[in-house]
Amino acid sequence: MLEKKIGFIGCGNMSKAIIGGLVAGGLLKPENIWVFDHKPATNQAMQQQYGITPAQSAEEVAKQADILFAAVKPNVILKVLKEVASSLHKETLVVSIAAGVTLDSLAMALGHDRKIVRVMPNTPALVNEGMTSVTPNALVTQQETDEVVAIFNSFGKAAVVDEYLIHAVVGVSGSAPAYVFMFIEAMADAAVLGGMPRAQAYQFAAQAVKGSAQMVLETGKHPGELKDMVCSPGGTTIEAVKVLEEKGFRAAVIEAMRQCMAKSEALSKKS
Ligand SMILES: NC(=O)C1=CN([C@@H]2O[C@H](COP(=O)(O)OP(=O)(O)OC[C@H]3O[C@@H](n4cnc5c(N)ncnc54)[C@H](O)[C@@H]3O)[C@@H](O)[C@H]2O)C=CC1
Ligand SMILES: O=C(O)[C@@H]1CCC=N1
């Protein structure tokens with residue numbers, strides 16, 4: 001159990017996923033999680049749902065926290081951090097989840113003597129299957145980095161990456177649930193076309209995606225080899241594979257992710 005106070009400024013989709021994961025993972029006592037969202041109803045709802053401590057202001061969270069999560073949108077994060085900078089303790093670790101906001105920009109808002117970690121999580125944190133990258137600045141100790149990794153490992157997997165790799169992380173895991181959900185939705189639509197009831201179609205499609213992902217993670221086999229195992233000669237699967245190749249499935253995924261990564265890079269230059 002981590003005997004630290006963790007604060008959140010901003011409690012939208014991503015904070016809810018992280019807090020849900022933290023409480024389910026049992027790494028922290030819920031009352032040691034402090035939350036301030038500028039919508040009071042959100043703070044109350046989070047208290048009722050998880051037993052966390054609602055704060056009256058961003059400054060209060062900043063004063064309480066040993067580790068402070070800045071979890072507002074990228075366009076407001078620097079302003080929010082400037083406003084709370086003087087409320088932080090010297091040793092407080094500030095963790096930013098904002099896409100495209102660099103360690104340099106964060107240090108400019110907070111002060112160059114601050115310990116700052118940039119992370120890129122994703123929404124499956126809510127079901128204990130998050131994937132998060134962790135990038136500390138030079139002032140963060142190995143032990144502090146390990147603590148942040150442990151926080152994210154408690155509801156999924158986390159790995160330390162260099163800052164230049166964050167654009168790839170945004171493409172391959174941060175934004176990725178959106179395209180995987182589109183794939184599941186499309187597969188379910190096709191199953192409905194084949195006569196399957198809608199609810200059952202989502203269950204079959206989602207379990208097929210989950211099981212396939214598990215095979216990649218557990219067997220260590222190349223995804224192409226796992227694909228070949230499904231394709232019987234002259235069978236049904238190879239017909240589907242042929243159409244996906246004709247329609248440019250791989251090229252569409254690669255181009256979509258290329259643009260996602262380019263947007264992440266463009267946002268970093270603006271911040
Ligand atoms: N949604 C996702 O899948 C991912 C999001 N991110 C990053 O996470 C951050 C938050 O994204 P979401 O949770 O999706 O956004 P969101 O819009 O759901 O949540 C932001 C929350 O901040 C609150 N807020 C806004 N201004 C505030 C202020 N001045 N003080 C206190 N609270 C304030 C809003 O009321 C809202 O609840 C963004 O910077 C985004 O780049 C990172 C990885 C994945
Ligand atoms: O779309 C966004 O900007 C954020 C970053 C990663 C996932 N959602």
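Residues numbered from 1 in each chain as written. Chains lettered and ligands numbered in written order. Predicted model: local features only at pLDDT ≥ 70, side-chain atom pairs only at ≥ 80, totals over all residues. Heavy atoms only, no water.

1. A word on the site of ligand 1
Rules: Summary of the distance rule: residues count as near a molecule or strand when at least one heavy atom falls within 4 Å of that molecule or strand. Polar contacts, as used here, are pairs of N or O atoms within 3.5 Å; protein pairs need one atom able to donate a hydrogen and one able to accept it. Residues neighboring in sequence count only if both atoms are side-chain atoms. The accessible surface values rely on the Shrake-Rupley method and a 1.4 Å probe; as for residues, cover is taken only from the protein chains in view.
Contacts to ligand 1 come from 21 residues, most closely from Asn13, Met14, Asp37, Val72 and Ala99. Contacts to ligand 1 include cysteine 11, whose backbone N or O atom sits 3.5 Å from an oxygen atom. Contact distances for ligand 1 include 3.5 Å between an oxygen atom and a backbone N or O atom of proline 74. Isolated, ligand 1 exposes 840 Å² of accessible area, and the fraction of that covered by the protein chains is 81%.

2. Describing the site of ligand 2
Definition in use: The distinction between a cavity and a pocket rests on a 1 Å grid over the protein atoms alone: a 1.4 Å probe fits inside a cavity but cannot get out, while a pocket stays open yet meets protein on both sides within 12 Å along at least five of seven lines, and a residue with an atom within 4 Å of a point counts as lining. Whether a molecule lies in a cavity or pocket depends on its atoms, and more than half of them have to be within 2 Å of the grid points.
Looking at ligand 2, the residues that line it are Ala99, Gly174 and Ser175. Protein contact buries 47% of the 250 Å² of open area that ligand 2 shows by itself. Among the detected pockets, ligand 2 sits in the second largest pocket.

3. Some points on the pattern of salt bridges
How we decide: Note on definitions: salt bridges are taken to be side-chain nitrogens of Lys or Arg within 4 Å of carboxyl oxygens of Asp or Glu. Each helix is a run of H or I in the DSSP string that is no shorter than four residues. Each strand is a run of E no shorter than two, and both are numbered from the N terminus. Residue burial is assigned from relative accessible area. The probe radius is 1.4 Å, only protein chains are included, and a residue is buried under 20% of its type maximum, exposed over 50%, and partly exposed in between.
Counting across every chain of the model gives 14 salt bridges. Among the ionic pairs, glutamate 3 bridges to lysine 29, the shortest N-O distance being 3.6 Å. Of this pair, glutamate 3 sits in the segment before β1 (6-9) while lysine 29 sits in the loop between α1 (13-25) and β2 (33-36), and the two are 26 residues apart along the sequence. Overall, glutamate 3 belongs to the exposed group, its relative accessible area being 57%. Glutamate 83 is the salt-bridge partner of lysine 79, the closest N and O atoms lying 3.2 Å from each other. Here lysine 79 pairs with glutamate 83, and both are found in helix α4 (residues 74-84), just 4 residues apart, close to one helical turn. On the accessibility criterion, lysine 79 (57% relative accessible area) is exposed.

4. A short note on a nonpolar patch on the surface
Note the threshold: Think of a patch as exposed residues, more than 30% relative accessible area, with no salt bridge, where like charges cluster within 9 Å and nonpolar side chains (Val, Leu, Ile, Met, Phe, Trp, Tyr) cluster within 5 Å.
Together, Phe183, Met187, Leu244, Phe249 and Val253 line one region of the surface with nonpolar side chains, adding up to about 380 Å² of accessible area. Secondary-structure elements contributing two or more residues to the nonpolar patch are α8 (176-193) and α12 (249-270). Within the secondary structure, leucine 244 sits in helix α11 (residues 236-246).

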